[in-house]
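These are the residues of each chain, in order.
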Amino acid sequence: MRHTILLMALVITGTSEALAQPPAVQSRLMDAALEDYRDNIRTGAAKDGIPSIDDPVFMDVEAADAFLADNDRVIGIYMNGEARAYPQRILVWHEIVNDTVDGEPVSITYCPLTGTGLGFHRNGTEFGVSGKLLNSNLVMYDRATESRYPQILATGISGPMAGKGLEEFRTVFTEWGRWKERHPDTRVLSTDTGIMRNYQQDPYGDYNPISGYYEPESRRMFPVMNEDDRYPVKHEILGFRTGNHAVAVDLDTLRAAGVIERRIEGERYVVIHDPVLDTGWVYRGDAEIDTGEIDFGAEGPRFDGRDGLEPVNAFRAMWFAWSAFYPNTTVIDDGPGDA
Amino acid sequence: MARVTPDARAVAAVIGLAYALGYLYALGDLSTAPQPAWSLTVGDPARWLDQRVVFQFEGIGMLQAGSLVWLISPLNILIAAALGLLFALNVDGAWALWRQPAACGMTSRGGGLVAAVPALAAGGACCAPSLLLLLGIPGLGAFAALFAWLVPLSLVLLLASRWWQRRRGAPPWGRAHPG
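Note on numbering: residues in each chain are counted from 1, in written sequence order. Chains carry letters and ligands carry numbers; both start at the beginning, A for chains and 1 for ligands, and go up in the order they are written. Per-residue local features of the predicted model are confined to residues with pLDDT of at least 70, and side-chain atom pairs are confined, for both listing and counting, to 80 or more; whole-chain, interface and lining totals are unaffected and use all residues. Water and hydrogen atoms play no part in the side-chain values, which are based on all heavy atoms of the structure.

### Some thoughts on the nonpolar core
Taken as a class, soluble globular proteins show a tendency for nonpolar side chains to be buried jointly.
Inference 1: To define a nonpolar core, start from buried Ala, Val, Leu, Ile, Met, Phe, Trp, Tyr and Cys residues and group those joined through side-chain atoms within 4.5 Å. A simple rule labels every residue: compare its accessible area, found with a 1.4 Å probe on the protein chains alone, to the largest value its type can have, and call it buried under 20%, exposed over 50%, or partly exposed in between. Counting residues in hydrophobic clusters, the biggest one holds 86 residues, and the most contacted among them are W176(A) and W322(A).
Inference 2: Ranked by the residues each element gives to this core, the list is headed by helix α7 (residues 319-325) of chain A, at six residues. By the criteria applied, helices consist of DSSP H or I runs no shorter than four residues and strands consist of E runs no shorter than two, each listed in order from the N terminus.

Okay, structure coming up:
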């Protein structure tokens, strides 16, 4: 009996420890050694000096319309039948929202310096802003193990989670008007964050209209590990990566094509432009599909054969940041930048 | 006989106040809002010691008066007041030394200009992102973490400059300039 209780205690302890750290997956694509990443870390602010939002409050569309213009950017997620939007004007001051959607603990992360929004599952821990940067990209830490993760890399580079990948889910960095057209019942992160910030002002510039740091031709702020001048520094691409390679899709090319099929290093990818959200949905696999009649629902594109394909996470990024992390990236572009 | 120069002192006080407000503006505590409104938001008072970066502290309230937004951080206000006061004293001392060098037996007419050095340093101490955006020099961000240390450096330099001025005969704030 005593042994049974001891065993149960060990199992419970082990389980709670496992739940305290973020769920780990296989290391994502890395074009450098962990040590090289650590050596290129820069300091931008104090740890938690950019405070994450840990008790988010939400508002409805009507209230959000008083705060957001249709062309303002939001990061949207659709999970377990629920849509949520996180205004860029709030995230620029906090970079991480530790949220719970239908009982699932998640973190919505945004890096203003690289224009990237990614979602991560987090189990029982929270992510915070370390104040460090790699290739100008937000370096997060988890509050259970203090491991550090560059957001784009989505892999631990120090601490107990070093070399382990984070479990991502799809976010869409789009305009508020587009998001509410797709998700009219969406809930929206409120300015009632408990932290004093002027949410009517972006310290770096503006996306509506685009200005300041976000202008494509403007200069980057911090040193990077690799430079690539195929595009202007802040040019937005849609990026996706697998364990083997990274791919950057030029958004103008995608808009014009509607659907792009490409075989890269033996694997077939299908990228579908979503005209409402102005984003791309990426799939991998060899299954036959009919892309002639695609319609779009809350979850994204619907077409015959979709179940035979594997969805691949994709997100917008500024070109300099993408190429800094993935210098060997493939570029899909009908223009002179194609490679 | 001492000659009172209230105008010069008033100008120094106004410059000091403008400097303090400029510091808060560059810090981001004073900013503007495109949608004018009148509101006072009370935050968590326990956050008053939390630092954004070194020597920059969290606000515990926010006042919007029309298009002007003020994040109320007690410690940032204290630092701004100290910088503004010291800057005003330096301007006043520099003016006195510049105007009356012969009468006071001073050897260096340009000595008061030393006061400008820490002022420039403090001006760059406000907000690393603002400074980086302004300068737009790639790679300068590598030194972003050091910028915050310009605040205490400015305070030390302003104190040292004021001490230097007093050693060379600049009058204290409460006393009239010599004439």
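And the narrative resumes.
### Description of the confidence of the model for chain B
Residue and element names in this part refer to chain B.
Inference 1: pLDDT measures the predictor's confidence residue by residue and takes values from 0 up to 100. Here chain B averages 75 in pLDDT, while 66% of its residues score no lower than 70.
Inference 2: Scored below 50 in pLDDT, residues 104-113 makes 13 contacts in the model with residues more than four places away or belonging to other chains.
Inference 3: Across residues 122-128, where pLDDT falls below 50, the model places 21 contacts with residues more than four positions away in sequence or in other chains.
Inference 4: Of the two predicted TM-score estimates for the complex, the pTM is 0.87 and the ipTM is 0.75. By definition, residues are in contact when any of their heavy atoms lie within 4.5 Å.

### Digging into the pairing of strand β19 (residues 246-250) of chain A
All names here are of chain A.
Inference 1: Taking burial as the measure, the five residues of β19 include five buried ones, the bulk of the element.
Inference 2: Where strand β18 (residues 236-241) lies against β19, five bridges are found, and the strand directions are antiparallel. Among the inter-strand pairings, G239 is bridged to a residue of β19, identified as A248.
Inference 3: The antiparallel hairpin formed by β18 and β19 contains four residues in its connecting segment.
Inference 4: Strand direction decides the pairing type here: β19 and strand β27 (residues 330-332), joined by three bridges, are parallel. Paired with V249 across the two strands is I332, which belongs to β27. The rule for pairing is simple: two strands pair if DSSP sees at least two bridges between them.

### Observations regarding the sheet that holds strand β20 (residues 259-264) of chain A
Residue and element names in this part refer to chain A.
Inference 1: Strands sit in the order β20-β21-β22-β25 across an open sheet of four strands; the sheet is antiparallel. Two strands bound the open sheet, and with one partner strand each, they are β20 and β25 (310-312). Strand-to-strand twist across the sheet, computed as the mean angle between neighbouring axes with direction ignored, equals 30°.
Inference 2: Across three bridges, strand β22 (residues 279-284) lies against β25 in antiparallel orientation. Bridged to V282 within β25 is V312. Lines fitted to C-alpha atoms define the axes, with helix axes restricted to the stretch in contact, and inter-axis angles between N-to-C directions lie between 0 and 180 degrees.

### Focus on the environment of E35(A)
Inference 1: In this fold, E35(A) is placed in helix α2 (residues 34-39).
Inference 2: Distance in space between the C-alpha atoms of E35(A) and D250(A) is 31 Å, their sequence separation being 215 residues.

### Section: a nonpolar patch on the surface
Inference 1: Patch members must show over 30% relative accessible area and no salt bridge, and they are joined within 9 Å when carrying like charges or within 5 Å when they are nonpolar side chains of Val, Leu, Ile, Met, Phe, Trp or Tyr. The protein chains shown are the only cover counted for residues, whose accessible areas, like all others here, come from Shrake-Rupley with a 1.4 Å probe. A side-chain nitrogen of Lys or Arg and a carboxyl oxygen of Asp or Glu constitute a salt bridge if their distance falls within 4 Å. On the surface, a cluster of nonpolar side chains totalling about 300 Å² of accessible area is made up of L40(B), V42(B) and L63(B).
Inference 2: Counting through the fold element by element, L63(B) comes out in strand β4 (residues 61-72).

### Side note on the packing of aromatic side chains
What describes a pair of aromatic rings is the distance from one ring centre to the other and the angle between the planes of the rings.
Residues and elements named next belong to chain A.
Inference 1: What counts as a ring pair is set by centres within 6.5 Å for rings of Phe, Tyr and Trp (its six-membered ring), and what kind of pair is set by the plane angle: stacked under 30 degrees, edge-to-face over 60, tilted for all other angles. Tallying each qualifying case throughout the model produces 15 aromatic pairs over all chains.
Inference 2: Taking 5.6 Å as the distance between ring centres and 55° as the angle between the ring planes, the aromatic pair formed by Y110 and F173 counts as tilted. Of this pair, Y110 sits in strand β7 (residues 104-111) while F173 sits in strand β14 (residues 172-175), and the two are 63 residues apart along the sequence.
Inference 3: Residue class for Y110 comes out buried when judged on its relative accessible area of 0%.
Inference 4: Here the aromatic cluster, defined as three or more aromatic residues joined through ring pairs, consists of Y110, F173, Y204, Y207, Y213 and Y214.
Inference 5: It is R170 that lies over the ring of W281; its NZ or CZ is 4.5 Å from the centre.
Inference 6: By definition, being over a ring means that NZ of Lys or CZ of Arg is both within 6 Å of the ring centre and within 35 degrees of the ring normal. The cationic tip of K234 hangs over the ring face of Y213; the distance from NZ or CZ to the ring centre is 3.4 Å.

### Quick look at the layout of surface pockets
All names here are of chain A.
Inference 1: The computed volume of the second largest pocket comes to approximately 790 Å³.
Inference 2: In this analysis, the protein atoms alone were mapped onto a 1 Å grid. Cavities are point sets where a 1.4 Å probe fits without being able to get out; pockets are open sets with protein on both sides within 12 Å along at least five of seven lines; lining residues have an atom within 4 Å of a point. Surrounding the second largest pocket, 33 residues form its lining, F169, R170, P311, V312 and N313 being those nearest its centre.
Inference 3: Those elements that place two or more of their residues in the lining of the second largest pocket are β4 (73-79), β13 (168-169), α5 (176-182), β22 and β25.
Inference 4: We call Asp, Glu, Lys and Arg charged. Ala, Val, Leu, Ile, Met, Phe, Trp, Tyr, Cys and Pro are nonpolar, and the rest, Gly among them, are polar. Along the lines of polarity and charge, the residues of the lining of the second largest pocket split into 15 nonpolar, eight polar and ten charged. Grid points are joined across faces, edges and corners, and a volume is the space filled by probe spheres set on the points.

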